[in-house]
Every structure is written in C-alpha cells, then in structure tokens.
Amino acid sequence: MKTVTKTINNSVGWRFDNSYARLPESFFARIRPVPVCAPSVVILNHALAESLGLDLRVLSKTEAALLFSGNILPETTQPIAQAYAGHQFGSFTMLGDGRAILIGEHVTATGERFDIQFKGSGRTPFSRQGDGRAALAPMLREYIISEAIHALGIPTTRSLAVVTTGETVMREMPLPGAILTRVAASHIRVGTFEYVIRKAGAEGVRTLADYTIHRHYPELAESRNPYLALLDCVIARQASLVTQWLLVGFIHGVMNTDNMAISGETIDFGPCAFMDEFDPQTVFSSIDYHGRYSYSNQSHVAQWNLARFAETLLPLLHPEQEKALALAEESIRAFPDVFQNHWLAGMRKKLGLFTEDTGDVQLIETLLTLMHKHRADYTNSFRALASVNLPKNDLFNDPAFEAWRVQWQARLSHQSETMQMSFELMRENNPAILPRNHRVEEALTAASEGGDYTLLNRLLAAVAEPYVDAPEYDDYHVPPLPSERVQQTFCGT
Ligand code: AMP
Ligand code: MG
C-alpha cells in the first residue's frame, strides 16, 4: 500500500498544504473519506490537471481510481469536512459537509491555491440523515455544467475527475454511486460565516475574515477598514457573477447562502440549467414552488444573501452597533446599482455596442420583451443577431422586431467601430453552444443507465468551445421539442 501511495504522490505533482485545517478546530471535523469497494474512473480532466501543474497521465487506471475515490490519499493531506450553516429557501439551518471531504489545498508552482475536495466520499459528523454518498448522474451533471460555465469565461469551481464507487446509492430508486473531485478557489461560503458567528462569536468571524482576506483579497489587508472592504469586494464579485449568469441564460437553481462562495465562483450545481425559450420567471428546481430562485430573481436573492453575510461581519465593521449597521446597509444598498452597471455593460456587448447611450436600457428591454412575447430561444436569438440573414421565425418576422432592428442599426451606425467589429464583439459575447438541458439529460441517461459515455464525451467537447460555430455540432443549437423539454431538475442528488 505504501509504495502505491508514494508513486501516486510523487508522479502526479501534488503540492499540498492544509491552511484551513490550521484554523480553530470548531471550523471543521477531521475525517477521512470512507473507502469504497470497487472504484473505477469514468472521466479525468487532463486539461484542468495540466493547468494545475498535475500530470494524471502517469497514473494507471487502478491508481487513478484509488486516488480519486479517496481510497488512498496522497501524502501530506489532512482531510477535513468543513462546517457551515445556511439559509435554505430562507430558513436557517446548521449544515456542514455532509458528503464531502476537503483533502487539502494544492498550491501550484506560481503560488495559486486550490481546494481539492471529494464529493460523495462518505458520512461525516455533518451528514444528518444523509448517506454521505452521491449518485453518478448528478456528479456528471456537475462536471458538464461546471466545465461549460468555465468555457464561457465565468468564474466557477471545476471538476477534475469522476469515479464510480462500485456501490449502489438509494434514492427514489437504486443508482450507481460516484465521487466527484471538485477544484475550487476555496469552499468558504456565506454560510461558513453564518456558522462561525454562531459557533465562535465575533472573534471567530475575525479569524475567518482575516483568513479569507489573506487567501482571496490580500490587497485589502492594508485598507482602513479591511472588513468593510471585504464586504464590498464580495458584493462586487457576486454582482459580476450573477450578471454573467443572466447574460448566458443560466439559472443556478439553489442560491441558498451555503451555495454562495466568498471567492465569487459559481458553486454547487444542483437543479441548475440554461434557459431555452426566454421567460424571466423560469425555474428549474422541483422544490422551488414560489420562484425564489427563478432566472430574474437571482440578483435579488444575491443581495438578500449578501445581507446575511454583512450581518455576520457587523461586530467587525465598527465598535458601535448603530454605526456598524449603517455601514453594512450602505454597502448592501449599493448592490442593485453595481449589478445594473454590470448588466448594462454585458448587454451592450451582446448587442455589439462599444459606446454608451441613454437609450440603451430601453433598446435592450424592448428586445427582451419581444423575445419573451414570442418565447424565442434566448441563446439562438442573440447569436442570430450577428448574422447577415436572420432565420425566419416568429420573433424575427414580427414587424415590431423590424422596427426594433431599424433603431438598433441606427444606434450601431453612430459608433466609430465598423459593423464587422460589432459582429465580432457579439460573437464573443453570445455563445453558440451551451449544454442544453435535454442534451444533458440524454447524455446522463446513456452514461448512468447504459454505461455509454459517447454522448457525454461529445457534449463535453462541444461545450468546451462555446463561442465557435462548429458545423459538426450544429445539432446542439436545436432547442428541445415540446416532448423533449426538461421542466424540472431535481435536488435528490
Ligand atoms: P446541497 O443541496 O448539495 O447544497 O446540500 C445541502 C446540504 O446537505 C449540505 O450540507 C450537504 O453536505 C448535505 N447533503 C446533501 N446530500 C447529502 C447526502 N447524500 N448525505 C449527507 N449529506 C448530504
Ligand atoms: Mg451545497
């Protein structure tokens, strides 16, 4: 056993540190992954590995399976399950990693630090009623969507590997079990702060905030009020993140405070999906009865979550409670403007606009209203605007659209940039290929029920270059037929 460990450790190129495990013991539980009976590799992300300075090609299939199941841990790791809390659909709960183990932080040659976490690796003290395990299809779903979000240029945790465990997990039916290796800037969540303020009080939050600043926002350490600066930076990153989701039609689906990362990365891919036909009220989660996490509500929920974050920082913001509250409120109140500025800037790019004009909001809103009216495909409609001949469909045949187009073209002609440049800008900001929900489900069914990974690999190859018109992937442009439409995705992961 010892020899295999050494081989895996030395050849892959891991450089582990465990800074989180040096924080106060109440922040986590020391625990190892529970070994699985027959691990087998399903997919390895060689491109991601290379960007981390890791070489997975040196591993035999058996070694890779032992490594990414957690059956054998690389040396110098100090595995832990992180404690956190969260507001789930508005209700507060103490949570923690119930089925994930952070094996440590891999530090690249250039000093970048990444959490390496196994998801589905067995029970922990935070498992509550859960089995600590994960099923194959949801782990592959996280792999596909996180890699697609990354390829779109949006900050996100990523997926390094998926292995099957050889064990069955019981959900509504027996399903193949799997473990996903997640790579993240960190797993510090809004919910981590919510946990620490309750468990370790203001001094605990100071420790966590100092750690967070050092890890993610080192430039803030010199600020006059570093904790207020931290709050403002997290607000700015979330405003930018949620804007980027909206611009590509992404719906996260479970924006609970435990699923919001302080680093500003997209995290926790449950019932998430990209919207096909444009409807701002779209919801995918089967348990989101009131549309709390609908497409258009995401900015409001982000602000709500950030207010929960701000509350945990109050004791650090100012010694006088009232002044602390006033500072936090001012920062939180700024969110809608910050968000609107990002959104407007992003939408301008989607329409080929290099400059700013007071009429732009109205121009954008009119187009979105028409898209909604015709239930036009969000992705294809934007992508089509940059083509010389628009396809014939309800949206583009509407005289109201023609009127809009005249207005838009007049607006474009007032810029010094050429039409060619506008079209290029549009093609860089309007993806052609996304993992549409029905194609994701099709690939997952083939993989999970039939053990066939052909569709999954093809889909992954296609979504890796979302801004390229690749004729061989034309079929991925086609929106779902009514019979293929996936209305809901489930949390039962
Ligand atoms: P999620 O909905 O994946 O964000 O999970 C919410 C909380 O439930 C987290 O604390 C998870 O660790 C926990 N959890 C989810 N599934 C399981 C499971 N099968 N076993 C134990 N804990 C789980
Ligand atoms: Mg979660």
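Along each chain, residue indices are assigned from 1 in the same order as the chain's sequence is written. Note on labels: chains are lettered from A, ligands numbered from 1, in written order. A pLDDT threshold of at least 70 governs which residues receive local features in this predicted model, and a stricter bar of 80 or more applies before side-chain atom pairs are shown or counted, although totals over entire chains, interfaces and linings include all residues. Each side-chain value is worked out from all heavy atoms of the structure, with water and hydrogens disregarded.

(A) Region of the structure containing the side chain of T379. Along the chain, T379 falls in helix α11 (residues 378-385). Leave out the neighbours within four places in its chain, and T379 touches M275, P431, A432, L434 and R436. In this description a helix means any DSSP run of H or I spanning at least four residues, a strand means any run of E spanning at least two, and both kinds are numbered starting from the N terminus. We call two residues contacting when some pair of their heavy atoms lies within 4.5 Å.

(B) Quick look at the environment of N45. Position of N45 among the secondary structure elements: in the loop between β3 (40-44) and α2 (46-51). On the basis of relative accessible area, N45 is assigned to the buried category, the value being 6%. Sequence spacing of N45 and S26 is 19 residues, and the spatial spacing of their C-alpha atoms is 34 Å. Residue contacts for N45: discarding those within four places in its chain leaves Y143, E147, R158, S159 and L160. In terms of polar contacts, N45 uses its side chain to reach the backbone amide nitrogen of L48, at 3.1 Å. Under the scheme applied here, a residue whose accessible area is under 20% of the maximum for its type counts as buried, over 50% as exposed, and between as partly exposed, the area being computed with a 1.4 Å probe on protein chains only. In protein, a polar contact requires one atom able to donate a hydrogen and another able to accept it; more generally it is a pair of N or O atoms within 3.5 Å, and residues adjacent in sequence count only if both atoms are side-chain atoms.

(C) Expanded view of the coordination of the magnesium ion (ligand 2). Distances define the donors: N, O and S atoms within 2.8 Å of the metal qualify, as do those within 3.2 Å of Na, K or Ca. Water is excluded, so some sites may look unfinished. Every protein donor of the magnesium ion (ligand 2) is accounted for by N259 (OD1) and D268 (OD), and the metal-donor separations fall at 1.8 to 2.2 Å. Using a relative accessible area of 10% as the deciding quantity, one classes N259 as buried.

(D) Summary view of the site of ligand 1. Neighbouring ligand 1 are 17 residues; G96, G98, R128, D131 and G132 lie closest to it. In the model, a nitrogen atom of ligand 1 is placed 2.9 Å from a nitrogen or oxygen of the D131 side chain. R133 has a polar backbone atom sitting 3.2 Å from a nitrogen atom of ligand 1. In the complex, the protein chains occlude 80% of the 480 Å² of accessible area that ligand 1 would expose alone. The nonpolar class holds Ala, Val, Leu, Ile, Met, Phe, Trp, Tyr, Cys and Pro. Asp, Glu, Lys and Arg form the charged class, and all remaining residues, Gly among them, are polar. Here the residues of the shell around ligand 1 sort into two nonpolar, seven polar and eight charged. To be near a molecule or strand, a residue needs just one of its heavy atoms within 4 Å of it. Surface accessibility in these figures is a Shrake-Rupley result with a 1.4 Å probe; residues are shielded only by whichever protein chains are displayed.

(E) Representation of the pairing of strand β10 (residues 158-170). Across four bridges, the pairing between β3 and β10 is antiparallel. If you follow L44 over to β10, its bridge partner there is A161. Pairing of β10 with strand β11 (residues 174-184) involves nine bridges; the strand directions are antiparallel. Note on β11: the bridge partner recorded for V162 is L180. If you look at the hairpin formed by β10 and β11, you'll find three residues sitting between the two strands. Pairing between two strands requires that DSSP report at least two bridges joining them.

(F) Expanded view of the pattern of salt bridges. What makes a salt bridge here is a side-chain nitrogen of Lys or Arg within 4 Å of a carboxyl oxygen of Asp or Glu, nothing more. Evaluation of the coordinates by the stated rule reveals 33 salt bridges. Two residues, R57 and E50, come together in a salt bridge whose shortest N-O distance is 3.5 Å. The same class applies to R57 and to E50, which are both exposed.

(G) Inspection of the nonpolar core at higher detail. Counting 123 residues, the largest nonpolar core has Y20, V162, L351 and L385 as the members making the most contacts within it. If you tally residues by element for this core, the top one is helix α6 (residues 226-247), at 13 residues. Other than its neighbours up to four places away in sequence, V162 contacts V41, V42, I43, L136, M139, L140, Y143, A178, I179 and L180. As used in this record, nonpolar core signifies buried Ala, Val, Leu, Ile, Met, Phe, Trp, Tyr and Cys residues forming a set joined through side-chain atoms within 4.5 Å. In this structure, A64, F68, F114 and V163 belong to the second largest nonpolar core, which totals 24 residues.

(H) Summary view of the packing of aromatic side chains. Stacked, edge-to-face and tilted labels apply to pairs of Phe, Tyr and Trp rings (six-membered ring for Trp) whose centres lie within 6.5 Å, assigned for plane angles under 30 degrees, over 60, and everything in between, in that order. Under the counting rule described, the total for this entry stands at 16 aromatic pairs. Considering the side-chain rings of W245 and F250, the 5.6 Å spacing of their centres and the 70 degrees angle between planes classify their relative orientation as edge-to-face. Residues W245 and F250 agree in their burial class; the two are buried. Measuring from ring centre to ring centre gives 5.9 Å for Y473 and Y476, while their planes differ by 45 degrees; the resulting arrangement is tilted. For Y476, a relative accessible area of 2% puts it in the buried group. Among the aromatic residues, those joined into a ring-pair cluster are F278, Y295, Y378 and F382. A ring has a charge above it when a Lys NZ or an Arg CZ is no more than 6 Å from the ring centre and no more than 35 degrees off the ring normal. In this structure, R198 packs its charged tip against the face of F92, placed 3.7 Å from the ring centre. Over the ring of W304 we find R292; its NZ or CZ atom is 4.7 Å from the centre of that ring.

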